[in-house]
Amino acid sequence: MKRKRLIALLMAGTLSASLAAPVYASENVGSAAASTEIVQLRANYQVNPLGVASENLRFSWNMASNVIGKMQKSYRIVVTKGAADGETVWDTGVVENELSTGIQYESGELEYETRYYWNVTVIDNDGNEYKSEPAYFETGTSWDDVSWIVPSDDPAAGNTYAI
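Rules and cut-offs
- Residues numbered from 1 in each chain as written.
- Predicted model: local features only at pLDDT ≥ 70, side-chain atom pairs only at ≥ 80, totals over all residues.
- Heavy atoms only, no water.
- Helix = DSSP H or I, 4+ residues; strand = E, 2+ residues; numbered from the N terminus.
- Buried < 20%, exposed > 50% of the residue type's maximum accessible area, 1.4 Å probe, protein only.
- Contact = heavy atoms within 4.5 Å.
- Salt bridge = Lys/Arg side-chain N within 4 Å of Asp/Glu carboxyl O.
- Pairing = 2+ DSSP bridges.

Draft legend 1. Structural context of the overall build of the chain. The secondary structure content of the chain amounts to 1 helix and 11 strands. Counting from the amino terminus, helix and strand elements in the chain follow one another as α-β-β-β-β-β-β-β-β-β-β-β. Per-residue burial over the chain gives 24% buried out of 163 residues. In the chain, 57% of the contacts between residues at least 6 apart in sequence involve partners at least 24 apart.

Written out as C-alpha cells, the structure is:
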C-alpha cells in the first residue's frame, strides 16, 4: 500500500513539474533582448570577393532574428566606390520585395581593378529598419590590350619566346 502511495506521489510531482515548466519558460521568453540583424553579405555568392566581373554581379544577404515571424518586406542596396562612405555608384532605392538572394546589379559599367563597398538596408514586416555592416568586392582586370608571352614557332630559334 505504501509503495502505491509513493508511486502516486512521484507521478503527481512529475506531472506538476511538467505542467509548470512551459508556463515558467513562456514568462522568460521576453527576458532575452529581441535581436535582428543583416548578416552574411555576399557578392556573386562569395564573401568580399576579388576579381569579379561587373556583368552578372549579384548580391545576397540573410536576415537573422530571434523574433518569431520576423521577415523582410523591402530592401535598399547602396554601392559606393573606394570607401564605405565614398561616391555612390548605385542606389536601388527602396524595393518592395522579400528576395534577398541573387539581386542583380543594374547600373553602369564598373571600373576595372577597383574596390567597391556595399550595404543593404532591410525593412521588416513591422516597419523596423535594419542596416548591414559594409561589405566589399573588387573588380577584375581588363584583358583587352595585353601582350602574351608565347613560344616561338620557328624551330631554328631554339628556346626563344615572342611577346
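Draft legend 2. Summary view of the pattern of salt bridges. Applying the stated rule across the entire model yields 6 salt bridges. The closest approach of N and O atoms between lysine 81 and glutamate 111, which form a salt bridge, is 2.5 Å. Here lysine 81 is found in strand 4 (residues 72-81), whereas its partner glutamate 111 is found in the loop between strand 6 (103-104) and strand 7 (115-124), with 30 residues between them in sequence. Residue glutamate 111 is classed as partly exposed on the basis of its relative accessible area, which comes to 43%.

Draft legend 3. Broad picture of the sheet that holds strand 3 (residues 58-65). The antiparallel open sheet is built from 3 strands, whose spatial order is 1-3-6. Of all the strands in the sheet, just strand 1 (36-43) and strand 6 have a single pairing partner and so form its edges. Strand direction decides the pairing type here: strand 1 and strand 3, joined by 6 bridges, are antiparallel. Considered in strand 3, the bridge of glutamate 37 is made with alanine 64.

Draft legend 4. Layout of the pairing of strand 9 (residues 135-139). Along strand 9, the buried face is formed by Ala135, Phe137 and Thr139; none of Tyr136 and Glu138, which line the opposite face, is buried. In terms of strand pairing, strand 7 meets strand 9 through 4 bridges, oriented antiparallel. Looking at the pairing, tyrosine 117 lines up with tyrosine 136 of strand 9.

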